[in-house]
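# Geometric and topological summary
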Amino acid sequence: RLAVVEHVATGPAPRGVIFFNPGGPGGPGTVELPAYIGFWPKELLREYDIVSWDPRGSGASTAVKCFPSAAAESAFLGQYAVFPVGRGQQGAYIRRWREFGKICAARNGALLRHVSTADTARDLNLLRQALGQAKLNYLGISYGTFLGATYANLFPRRVGRLVLDGNVPPEAWTHGGRPNPRLSTYLRLGSDKAAARTLAAFLRICGQRSIQACAFSAGSPAATRAKWDALLARLRRAPITVGGTAFTYAEVVTEVSFSLAFVQPFSTPVPGNNFLGWSGAAQGLQQLWTVRNDKASARPGTPVPAAVAAAQPYGGVEQGLAVQCDEAPSPAASAYAGLQRLVLRRSGVIGLPDLWSLDEPCATWPVRGQDTYSGPWNARTSPILVIGNTGDPFIPLRDAVAMNRQLANARLLT
């Protein structure tokens, strides 16, 4: 069963349907479309119905769930919900996520074999038919671009107007259908390098601003970078407690990595969420800096909340992992210590959340997809618009260039 949501065209004579996938993998369109709809051009909202859905395995559709609740999953993962610190934690981290995969396989049965991108592309084709559309008009963001490319090559004669924004190039995601890649999935995409460039920009711009404009500013880019390094060094020694909440080194790096993906430099942060967006990241870091040596920092107060809102229904990280691990090959778990050394050399600590939290669980995931697609990617279609920007915090511009080259009939907008 698929959960579907529709924004009905506001004009008197709709021209058709545009399907929207917000990324993920496993991003719930029934939640994301209402959040995004205010950014759509009024002309499109007037002339088209906008339709999204929760892809199979996710959200309110027939969903992959490995635990009865978010609390149960959190309790199982414990400290291993974020990346391991030091070689001493790496073995235990790998063992915990191997057990996580076994629990998922036992709880979800055959479903895990049928949540690949190709499966979802076939669902999208059925949705197109059900809505009476001769061609697919589609906007895909991030992972949604890989879904769009998969659809285009499975159903090339059904491609209408496709826009792919923030691109996951198919050859990198699937490793060309070959097993045992040298790099993990998000290292193949260069996501760690994109995160490092974004962090450098954050610290540089913050250092150029006053503390009123950026709470973490130390008066210059160099001093602000040094302040970040000093805060990390302090966190490596022990957690810092703010308002009764203890923050570890790995948690803070993960929070910042997530927050900087919301590239709204020093705009007003979301009230009550001190680690969301650039301004929120600056405020959260400054709170930690202020109390870093304060013995009384554990006194009750207003905690610094986590970046991920707890209000959404339990979906769990497994809904994204189920898709990725179904079809994107991973190196063996034993390779990840070496991959960490590579990440630290080429992008620094900000690249570790992607390496461990997004990629490593696939090294021991027990199920592979029954129906996956790994090319070819050059089926002739109507022109596809590929969009990439020079400051993407997660998927670098080179990936849009690669997508443009791998598709047979694409145009790149930089």
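This structure is a prediction, so every number in the text was calculated from the model and none was measured.

Looking only at helices and strands, the chain has 16 helices and 9 strands in total. Burial status across the chain gives 53% buried among its 414 residues. Of the contacts formed within the chain by residues at least 6 apart in sequence, a portion of 75% connects residues at least 24 apart. As presented, the chain carries roughly 17800 Å² of accessible surface, and 55% of it is formed by carbon and sulfur atoms. Across the chain, the 42 positively charged side chains and the 26 negatively charged ones have centroids separated by 6 Å.

Each neighbour pair has its own omega, and for Gly24 with Pro25 the value is 0°, a cis peptide bond. Here the bond from Gly375 into Pro376 is cis, since omega is 5°, no more than 30 degrees from zero. Mapped onto the fold, Pro376 is located in the loop between α15 (352–359) and β8 (384–387). With phi around 55°, Ser142 is a residue other than glycine that occupies positive phi space. Tracing the chain through its elements places Ser142 in the loop between β4 (136–141) and α6 (143–154). The backbone of His175 sits at a positive phi, close to 55°, despite the residue not being glycine. Inspection of the secondary structure puts His175 in the loop between α7 (170–174) and α8 (185–189).

To continue, consider the pattern of salt bridges. Two side chains that carry opposite charge are able to pair once their charged atoms sit near each other. Tallied over the entire structure, the rule returns 7 salt bridges. Note that Arg15 and Glu47 form a salt bridge whose closest N and O atoms lie 2.8 Å from each other. One end of the pair, Arg15, is in the loop between β1 (4–7) and β2 (16–21); the other, Glu47, is in helix α2 (residues 42–47), and 32 residues separate them in sequence. According to the relative accessible area criterion, Arg15 is exposed, its value standing at 54%.

Looking at the secondary structure, you find Ser334 in the loop between α13 (318–327) and α14 (336–346). Put simply, Ser334 and Ile37 are 297 residues apart on the chain and 44 Å apart in space, counted from C-alpha to C-alpha.

As used in these notes, a disulfide is a covalent bond between sulfur atoms, one from each of two cysteines. If you walk through the whole model with that rule in mind, you get 3 disulfides. Two residues share a disulfide in this structure: Cys66 and Cys104, whose sulfurs sit 1.9 Å from each other. One quick way to see it: the torsion about the S-S bond of Cys66 and Cys104 is about 115°, and its sign makes the bridge right-handed. With a gap of 38 residues between them, Cys66 in the loop between β3 (48–53) and α3 (70–77) and Cys104 in helix α4 (residues 87–108) connect regions that are remote in the sequence. Of the two residues, Cys66 and Cys104, both sit in the buried class. The disulfide pattern of the chain is 1-2, 3-4, 5-6 when the bonded cysteines are numbered in sequence order.

Applying the stated criterion across every chain, the model contains 2 cavities of 30 Å³ or more. Roughly 50 Å³ of volume is contained in the largest cavity. Looking at the largest cavity, the residues that line it are Pro25, Gly26, Pro55, Arg56, Gly57, Ser58, Thr120, Tyr143, Gln319 and Val323. Its residues assigned to classes, the lining of the largest cavity shows 4 nonpolar, 5 polar and 1 charged. One number sums up the size of the second largest cavity: a volume of about 30 Å³. Every residue along the wall of the second largest cavity is listed here: Gly24, Ser142, Tyr143, Val168, Trp173, Tyr186, Leu189, Phe394 and Ile395. Of the residues that constitute the lining of the second largest cavity, the class distribution is 7 nonpolar, 2 polar and no charged.

Attention now goes to α6. End to end, α6 covers 17 Å across 12 residues, agreeing with the expected 16 Å (1.5 Å per residue, within 8%). For α6, a buried count of 11 out of 12 residues is recorded, marking the element as mostly surrounded by other parts of the structure. Within the span of α6, buried status applies to Tyr143, Gly144, Thr145, Phe146, Leu147, Gly148, Ala149, Thr150, Tyr151, Ala152 and Asn153.

Cut-offs used in this document
For every chain, the first residue of the written sequence is number 1, and numbering continues from 1 onward in sequence order. Whole-chain, interface and lining totals are the exception, using all residues; otherwise, since this is a predicted model, local features are given only for residues with pLDDT of at least 70 and side-chain atom pairs are given and counted only at 80 or more. Hydrogens and water molecules were not included; the side-chain quantities draw on all heavy atoms of the structure. Going along the chain from the N terminus, every DSSP run of H or I of four or more residues is numbered as a helix, and every run of E of two or more is numbered as a strand. Relative accessibility under 20% of the residue-type maximum defines a buried residue, over 50% an exposed one, and the middle range a partly exposed one, all with a 1.4 Å probe and only protein chains included. Any two residues having at least one pair of non-hydrogen atoms within 4.5 Å are treated as being in contact. Under the convention used here, a 1.4 Å probe and the Shrake-Rupley method define accessible areas, while residue burial counts only the protein chains that appear. Counted charges follow a simple rule, with Lys and Arg positive, Asp and Glu negative, and His plus the chain ends left uncounted. The atom standing in for a charge is NZ when the residue is Lys, CZ when it is Arg, CG when it is Asp and CD when it is Glu. What makes a salt bridge here is a side-chain nitrogen of Lys or Arg within 4 Å of a carboxyl oxygen of Asp or Glu, nothing more. The criterion for a disulfide is a pair of cysteine sulfur atoms lying within 2.5 Å. The distinction between a cavity and a pocket rests on a 1 Å grid over the protein atoms alone: a 1.4 Å probe fits inside a cavity but cannot get out, while a pocket stays open yet meets protein on both sides within 12 Å along at least five of seven lines, and a residue with an atom within 4 Å of a point counts as lining. Grid points are joined across faces, edges and corners, and a volume is the space filled by probe spheres set on the points. Any residue outside Ala, Val, Leu, Ile, Met, Phe, Trp, Tyr, Cys, Pro, Asp, Glu, Lys and Arg is labelled polar, Gly included; the first ten of those are nonpolar and the last four are charged. Here the expected span of a helix is defined as 1.5 Å times the quantity of residues minus one.

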